[in-house]
Each structure stands twice: as C-alpha cells, then as structure tokens.
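# Inside the fold
Here is how the chains run, residue by residue.
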Amino acid sequence: FVKKENSDDFVWLVKPHPAVKFYNESGIVEEHLKKLNAKNINICPNNLSNIEIFKHVDCLTSAVSTIALEYACFGKRPIICSKTAYSGYGFTKEPKTQEEYFQIISSSKYNNKLSEIDKLKAQRIYYYLDNFSHQNIKSSKLLPVRKKISDNKYFELILKKSKKFNIKRFHQDPFYKDLIFRGKNFI
C-alpha cells in the first residue's frame, strides 16, 4: 500500500524492533524492503535516536512497541494498529479496520499534535508501566527485572532465562498468565 499510494508525497522510514537480533530475525525487514524496491521507503539509520526521529517525523505507526508511547510522551499522536497496555486513553489514533488505517496513513492532513493533558497522560502511563505495573503480579520466569539495564542486556537475559526454564512461548510464563487473568485493569 505504501509503495503504491502517495509515493511522491511521503517518505517512509522503517525501524525494526531492537529485539530482532535476539530472535535471529536480523535482516528480515531490510531484505523485505530491498525486495519492495520502493524509492519512498527506507530503513531508519541506526545512528538516529528515538528523540531525533520524533523531532522530524510527522507520523509514527506501530503495532505493539513502546516507541508509540514514547512518541506520545514527546507530544505527538501515534497510530497503533493493535491493542496495547496504553490503548484507549485518547492519546493514540486507533484505526479499527485496515481500510481506516490506510486512510489515516495516506492523509496529508493527519494531525499528530497532542494537547498538554494528553501528553501528560502518556507520560504518566509510561512512568507507571516502567516502574509499577509489575507489582502484585506473579513473577516472571522469563522477564528479568527491568531496572537500569540496557535493552541489549535485557534481551540477553530473556534469552538465557527462556533456555534455562525451557519456555518456548510467552503464554507459558506465569507473569503472562496473570496479566491475561487481570486483564487491562492492572493499569
């Protein structure tokens, strides 16, 4: 869709999730974009921080990554195309159908500006999720405690734990089961 629609009006940067290298998925996105051979779709340079990206992009879309929540904390409305821990709070655009999603991303009139209240709401949810959301929830055998460690170290620890406890699917983890049981009310 992106290759065909508005190819001269929009430039798309695709940023693979940082976890791809830990799941042996490095290069998959790059290879797919190479096959597309679209002049308006490029891989995001590795040396750009999220803050630099947020300063320059007009629209950010994501499925479940926290980059969309970070974008909202920066004062811009992201488009999310799945349910997340921060869905339904009013600071994201949440298309319900593929048609609605394509309509939004192809519009040059998309307003990504958030009110100060919505920006503050996003920041509070981000803070809560990062610091308190795991209290009173069963411990994870798979997920390490996320305090002052880099993303790389965090994903390395996940891989080690998944091998140690022989967890092949996230839904086997007690933490995941407890989140499903509690539903979205834990926020």
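Structural data are supplied above this passage.
A few points on the structure. Here the residue numbering is sequential within each chain, running from 1 through the sequence in written order. Given that the model is predicted, a residue must reach a pLDDT of at least 70 before its local features are reported, and side-chain atom pairs must reach 80 or more before they are shown or counted; all residues, however, enter totals for whole chains, interfaces and linings. Side-chain metrics rest on all non-hydrogen atoms present in the structure, leaving aside hydrogens and water.

## Topic: unusual backbone geometry
Of note, the phi angle at asparagine 37 is positive, near 50°, even though the residue is not glycine. A run of H or I in DSSP counts as a helix once it spans at least four residues, and a run of E counts as a strand once it spans at least two, with each numbered from the N terminus. Counting through the fold element by element, asparagine 37 comes out in the loop between α1 (28-36) and β2 (41-43). When accessible area is computed with a 1.4 Å probe and restricted to protein chains, residues below 20% of their type maximum are described as buried, those above 50% as exposed, and intermediate ones as partly exposed. Of the residues examined, asparagine 37 reaches a relative accessible area of 64% and is grouped as exposed.

## Topic: helix α6 (residues 151-164)
To estimate how far a helix should reach, multiply one less than its number of residues by 1.5 Å. With 14 residues, α6 ought to run about 20 Å at 1.5 Å a step, and its terminal C-alpha atoms sit 20 Å apart, in line with that. When we look at burial in α6, the residues that qualify are Tyr154, Phe155, Ile158 and Ser162. Projection of α6 onto a plane perpendicular to its axis shows the buried side chains occupying an angular sector of 95°, all on one side. Among the exposed residues of α6, those pointing more than 90 degrees away from its buried face are Lys160, Lys163 and Lys164. To obtain the arc, one takes the directions from the helix axis to the C-beta atoms.

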